[in-house]
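If you want the building blocks of each chain, they are given just below.
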Amino acid sequence: MNESDIDNSLNDCQLMTIYSWLPVSLILSDFLISYIAYVFIYCPSSLMAIGECILKLLFFNISFIMMLWSFLQTVFTDPGEIPSEFWLNTNDVQRVQRARSEQAGNILLENIVYNRHLALVTTSDKGFIRFCDKCVLIKPDRAHHCSTCGYCVPKMDHHCPWTNNCISFTNYKFFILFLTYLNVFFIFFLSTSFAFLYHISKLITQELKNEQDFLHVVQVVGLANLIFLIIYITNSSITVVTIIFMFYHYNLTLNNMTTMEALRPPAFVSEDIQGYDLGKCENFEQVFGDNVLYWFVPLFTSYGDGVKFSTSPRNLLDQQQYWYS
């Protein structure tokens, strides 16, 4: 590779980095514009009582801070790393790669799992050890290789372009709280300013009936009010999508599933293992923890280490009997 090829590769990487952060920038811009529109356009123009204005601004600011905090936690929390005991050394990699067949390679991997006492309850569709040939490691339960990040992520839910990060064991709680506070923020924005929006819409309708040109409409209604109308319509569309997305992820949480598992159910080492469903309350606490006060705060309180998970056996036998260890 010559010097020009290296420069081109570096430029491509820089462009990809810029593109990957564009969705995050768009979301932050929408947050900021919505905040400015509510505080500096709606509140001064709505002619509401001072006490009512203070209460609205208090709730609005709290929801804004919690939404932004949750979003930044989701974006900047590392999705986690696979522990070193799951990685193969050079000799093991060479032995697996030189295996005469996939089955022979799987036998070598099973020996490694036994020798290292790795607790695994899931297999590939063929019943083999889940192995990542890109990261050259044995995949822990619920871990998947992210093609965007370029490495295996523990308890991966999905890669979210809007956060430029993998949603995984480490930040899943933050992601759900972000969706929750985002909807609280937007619903409050839309519901409290609806009367103001109706007034703007009525003015525009009257001017259009009089067949006035656009500049006259802007002059009568006000440019700031027209901007508020556009923001209101945009946020209404976003809210419809995010509400559906929020309920979908709460449903996944209550059933102890990830998006990856919903799309492709995992294969277990034994038919006696029903899955990870431990009951609604226990499933919820797996993500949010057992302290109610911390449920609403974007601080990490999830159970476990991200590689070993409790399962739901079909019978009363000890579930640990199914681990390779």
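Keep in mind that what you see is a predicted model, and the values were worked out from it rather than measured.

A. Region of the structure containing the UniProt feature "transmembrane region" (unreviewed entry) in the chain. Per the UniProt annotation, the sites labelled "transmembrane region" (unreviewed entry) are residues 20–41, 53–72, 174–200 and 220–248. Annotation note: span residues 20–41, helix share 100%, strand share 0%, distance between end C-alpha atoms 32 Å. Taken end to end, residues 53–72 comprises 100% helix and 0% strand; its first and last C-alpha atoms sit 28 Å apart.

B. Local environment of the side chain of Asp30. Here Asp30 lies in helix α1 (residues 3–45). Within the buried core, Asp30 has no salt-bridge partner, and the shortest N-O distance to an opposite charge, that of Lys56, equals 20 Å. Leave out the neighbours within four places in its chain, and Asp30 touches Phe186, Thr234, Asn235 and Ile238.

C. Spotlight on the packing of aromatic side chains. Taken as a whole and judged by the stated rule, the model has 27 aromatic pairs. Measuring from centroid to centroid gives 6.4 Å for Tyr42 and Phe228, while their planes differ by 25°, and the two rings are stacked. Taken together, the residues span a long stretch of sequence, with Tyr42 in helix α1 and Phe228 in helix α8 (residues 223–254) at a distance of 186 residues. Cation over ring: Arg142 sits above Tyr276, and NZ or CZ is 4.0 Å from the ring centre. A cation sits over an aromatic face here: Arg142 above Phe309, 5.0 Å from the ring centre.

D. Here's a closer look at α8. With 32 residues, α8 extends 46 Å between its outermost C-alpha atoms, agreeing within 8% with the 46 Å of an ideal straight helix rising 1.5 Å per residue. Asn256 sits one or two positions beyond α8 and adopts a positive phi of about 55°.

About the cut-offs
- Residues numbered from 1 in each chain as written.
- Predicted model: local features only at pLDDT ≥ 70, side-chain atom pairs only at ≥ 80, totals over all residues.
- Heavy atoms only, no water.
- UniProt positions renumbered as here; feature names shortened; annotations may be inferred.
- Helix = DSSP H or I, 4+ residues; strand = E, 2+ residues; numbered from the N terminus.
- Buried < 20%, exposed > 50% of the residue type's maximum accessible area, 1.4 Å probe, protein only.
- Lys, Arg positive; Asp, Glu negative; His and termini not counted.
- Salt bridge = Lys/Arg side-chain N within 4 Å of Asp/Glu carboxyl O.
- Contact = heavy atoms within 4.5 Å.
- Phe/Tyr/Trp six-rings, centres within 6.5 Å; stacked < 30°, edge-to-face > 60°.
- Lys NZ or Arg CZ within 6 Å of the ring centre and 35° of its normal.
- Expected span 1.5 Å × (residues − 1).

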